[in-house]
Amino acid sequence: MVDWAKYRNALMGRVGELSKLSPDSVGGYMMASGAGAKTAQLDEKTRQLISLAVAVTTRCDGCISVHAQKAVENGATKEQVAEALGVAIAMNAGAALVYSARALDAVDASMAEAK
């Protein structure tokens, strides 16, 4: 089992180091990351639940660690997290279905070329 708090703290230390080495890169990320909050159309808990689901679909342990903590800090229940993760699961399955259709299309095109 991962020690998520230890991992998150170590990660934030490395991000801090990167920020010193490349402040504009990290600053650009921070600006993009905070942009959604400025519109105030979604509350922070909802943004964190979406972020956690996206983190799962992109397989980013660092993002999972940060957004799990932020979701809990903003009042997300385990049931709400599970529902958000269910959306991530459905989207991954949906993407696999769509790309399976694309793969079949590529196979058909290859077979037509081979004739």
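Structure: see above.
Described in the following lines is the structure provided in the data block. (Residues numbered from 1 in each chain as written. Predicted model: local features only at pLDDT ≥ 70, side-chain atom pairs only at ≥ 80, totals over all residues. Heavy atoms only, no water.)

Per the counting criterion, the structure on display carries 2 salt bridges. A salt bridge links Glu44 to Arg47; the nearest nitrogen and oxygen atoms lie 2.7 Å apart. Note that Glu44 and Arg47 are positioned in helix 3 (residues 44–58) at a spacing of 3 residues, about one turn of the helix. What makes Glu44 partly exposed here is its relative accessible area of 27%. (Salt bridge = Lys/Arg side-chain N within 4 Å of Asp/Glu carboxyl O. Helix = DSSP H or I, 4+ residues; strand = E, 2+ residues; numbered from the N terminus. Buried < 20%, exposed > 50% of the residue type's maximum accessible area, 1.4 Å probe, protein only.)

Position of Ala68 relative to the elements: it lies in helix 4 (residues 61–73). A sequence separation of 16 residues divides Ala68 from Leu52, and the C-alpha atoms of the two residues are 6.3 Å apart. Apart from residues no more than four positions distant in its own chain, Ala68 is found in contact with Leu52 and Cys63. (Contact = heavy atoms within 4.5 Å.)

Soluble, globular proteins show a tendency: their nonpolar side chains are buried together. Among the nonpolar cores identified, the biggest contains 6 residues, and these are Leu49, Leu52, Ala71, Ala76, Val81 and Ala84. Those elements giving two or more residues to this core turn out to be helix 3 and helix 5 (78–114). Apart from the residues lying within four places of it in its own chain, the contact partners of Leu52 are Ile64, His67, Ala68, Val81 and Leu85. (Core = buried A, V, L, I, M, F, W, Y, C linked by side-chain atoms within 4.5 Å.)

Side chains of Met1, Val2, Trp4 and Tyr7 sit close together on the surface and give an oily, nonpolar patch of about 470 Å² of accessible area. Checked against the element boundaries, Trp4 lands in helix 1 (residues 4–21). Trp4 sits in the partly exposed class, given a relative accessible area of 31%. (Patch = residues over 30% accessible without salt bridge, like charges linked within 9 Å, V, L, I, M, F, W, Y side chains within 5 Å. Areas by Shrake-Rupley, 256 points an atom, 1.4 Å probe, with all protein chains shown as cover.)

Here the largest pocket is characterised by a volume of approximately 640 Å³. Taken together, 21 residues form the lining of the largest pocket, with Tyr29, Met30, Ser33, Val66 and His67 sitting closest to its centre. Counting residues per element, the ones that place at least two in the lining of the largest pocket are helix 1, helix 2 (23–39), helix 3 and helix 4. The residue makeup of the lining of the largest pocket, split by class, is 10 nonpolar, 7 polar and 4 charged. Put simply, the second largest pocket is a space of about 180 Å³. In this structure, the second largest pocket is lined by Trp4, Arg8, Leu52, Val56, Ile64, Ser65, Ala68, Gln69, Ala71, Val72, Val81 and Leu85. Residue assignment for the lining of the second largest pocket shows that the elements contributing at least two residues are helix 1, helix 3, helix 4 and helix 5. Broken down by element, the lining of the second largest pocket gets its largest block of residues, 6 residues, from helix 4. Classifying every residue of the lining of the second largest pocket gives 9 nonpolar, 2 polar and 1 charged. (1 Å grid on protein atoms, 1.4 Å probe; cavity = no way out; pocket = protein on both sides within 12 Å on 5 of 7 lines; lining within 4 Å. Points joined across faces, edges and corners; volume = space filled by probe spheres on them. Nonpolar A, V, L, I, M, F, W, Y, C, P; charged D, E, K, R; others polar.)

Geometric values such as these leave the question of function open.
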